[in-house]
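One letter stands for each residue in the lines below.
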Amino acid sequence: MVDENRRNTIKILIGTTAAVGAGMLATPLVASIIDGRAGYVKPETTGAVKVEICKDVNSCPKELGVPLDELRNGPVFKLIRVNSMAIPAVFGLIRATDGKEYPAAYVAICTHFGCPLNVMGGKYLTGFNCPCHGSVFTVCNKPEGCGNARFLEMYVSGGPAVRSLRSIVVAVKDGVVYPLVAHI
Ligand code: FES
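Predicted, not measured: the structure shown is a model, and the values here were computed from it.

## Focus: the overall build of the protein chain
Along its length, the protein chain carries two helices and 11 strands. For the protein chain, the N- to C-terminal ordering of α and β elements is α-β-β-α-β-β-β-β-β-β-β-β-β. Scored against the burial criterion, the 184 residues of the protein chain give a buried share of 50%.

Right under this line is the structure:
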């Protein structure tokens, strides 16, 4: 069950998030992409409401996915439509300290008062900043975690927000990154 207030907030934000940018660099990838990692799942965000986008990667409509080739140029914004909702999402590649690259996606709405966020990073997604009150979110790129933040968590590195960004569980199949579950 999706909280009505939160659902309405998401709907209101649809019209204002189209400008969430994607850093575009043409530098080729050096390390290899982890394809075939269909089972990869990020940890859930505490306190979020779970919305199923696709039951599994095999039944996910092609139009919901983002090709890894596109992500190699930088983060990609995508509006994910689920029933009556449209979730503003940013897909990107995270360069981890283990030298590998991990596809990930996040709901691009500030957890402070719901402003649309700006993407940080170039070829790799490194974080988001909020134009409203200055919150900054940084991805934990250490497989062992970053203090209280878990691997791939987009944690608050600058206030006033206090909650990490909502995550989207992704899976990769045939070179395409699909969103499976959103936490909004
Ligand atoms: S809405 Fe983002 S910092 Fe306030």
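Picking up after the structure, the text goes on.
## Topic: the packing of aromatic side chains
Taken as a whole, this structure holds two aromatic pairs when the rule is applied. Considering the side-chain rings of Tyr 102 and Phe 151, the 5.0 Å spacing of their centres and the 90 degrees angle between planes classify their relative orientation as edge-to-face. Of this pair, Tyr 102 sits in strand 5 (residues 101-107) while Phe 151 sits in the loop between strand 8 (136-139) and strand 9 (154-158); the two residues are 49 residues apart in sequence, bridging distant segments of the chain. Tyr 102 gets classed as buried once you look at its relative accessible area, which sits at 5%. A residue is classified by how much of its surface remains accessible, and Phe 151, at 14% relative accessible area, is buried.

## Structural notes on the pattern of salt bridges
Considering all chains together, one arrives at two salt bridges under this definition. The salt bridge partner of Glu 52 is Lys 55, with a shortest N-O separation of 3.5 Å. With relative accessibility at 70%, the residue Lys 55 sits in the exposed group. A salt bridge links Asp 69 to Arg 72; the shortest N-O distance between them is 2.1 Å.

## As for the nonpolar core
As a rule of thumb, soluble globular proteins bury nonpolar side chains together. Counting residues in hydrophobic clusters, the biggest one holds 34 residues, and the most contacted among them are Ile 53, Leu 71, Ile 80, Phe 91, Ile 168 and Ile 184. Ranked by the residues each element gives to this core, the list is headed by strand 11 (residues 176-183), at six residues. Residues Ile 94, Ala 96, Cys 115 and Ala 161 belong to the second largest nonpolar core, which totals 21 residues.

## Quick word on the state of the cysteines
Applying the stated criterion across every chain yields a total of three disulfides. Here Cys 115 pairs with Cys 132 through a disulfide, and the sulfurs are 1.8 Å apart. An S-S torsion of about -95 degrees defines the bridge between Cys 115 and Cys 132 as left-handed. Placement of Cys 115 in the loop between strand 5 and strand 6 (118-120) and of Cys 132 in the loop between strand 7 (127-129) and strand 8 is noted, with a sequence separation of 17 residues between them. On the basis of relative accessibility, which here comes to 37%, the residue Cys 132 falls in the partly exposed class. Through a disulfide, Cys 140 is tied to Cys 146; the S-S separation comes to 2.1 Å. Negative torsions about the S-S bond denote left-handed disulfides, and the value of about 90 degrees found for Cys 140 with Cys 146 makes this one right-handed.

## Focus: the environment of Tyr 102
The spatial distance from the C-alpha of Tyr 102 to the C-alpha of Leu 152 is 8.6 Å, given a sequence separation of 50 residues. In this structure the side chain of Tyr 102 is engaged in a polar contact, spanning 2.6 Å, whose partner is the side chain of Asp 98.

## What to know about unusual backbone geometry
Generally, phi is negative for residues other than glycine and the peptide bonds are trans, each holding for most cases. Of note, the amide linkage connecting Gly 159 to Pro 160 takes the cis form, showing an omega dihedral of 10 degrees. Within the secondary structure layout, Pro 160 lies in the loop between strand 9 and strand 10 (167-173). The phi dihedral of Asn 83 is positive, around 50 degrees, even though this residue is not glycine. Counting through the fold element by element, Asn 83 comes out in the loop between strand 3 (76-82) and strand 4 (85-95). With relative accessibility at 80%, the residue Asn 83 sits in the exposed group. Of note in the backbone geometry, Asp 174 takes a positive phi value of approximately 50 degrees without being a glycine. On the basis of relative accessibility, which here comes to 66%, the residue Asp 174 falls in the exposed class.

Reading the values: rules and limits
- Within any chain, residue numbers begin from 1 and follow the written order of that chain's sequence.
- The model is predicted, so local features are restricted to residues of pLDDT at least 70 and side-chain atom pairs to those at 80 or more, both for listing and for counting; the totals for chains, interfaces and linings are taken over all residues.
- Only heavy atoms go into the side-chain values, all of them from the structure, while hydrogens and water stay out.
- Each helix is a run of H or I in the DSSP string that is no shorter than four residues. Each strand is a run of E no shorter than two, and both are numbered from the N terminus.
- Residue exposure (1.4 Å probe, protein chains only): buried if accessible area is under 20% of the type maximum, exposed if over 50%, otherwise partly exposed.
- Two aromatic rings from Phe, Tyr or Trp, using only the six-membered ring of Trp, form a pair when their centres are within 6.5 Å; if the ring planes differ by under 30 degrees the pair is stacked, by over 60 it is edge-to-face, and anything between is tilted.
- What makes a salt bridge here is a side-chain nitrogen of Lys or Arg within 4 Å of a carboxyl oxygen of Asp or Glu, nothing more.
- Among buried residues, those of type Ala, Val, Leu, Ile, Met, Phe, Trp, Tyr and Cys that are joined through side-chain atoms within 4.5 Å constitute a nonpolar core.
- In this description, the term disulfide denotes a pair of cysteine sulfurs within 2.5 Å.
- Two N or O atoms form a polar contact when they lie within 3.5 Å of each other; inside protein one atom must be a possible hydrogen donor and the other a possible acceptor, and for residues adjacent in sequence the pair counts only when both atoms belong to side chains.

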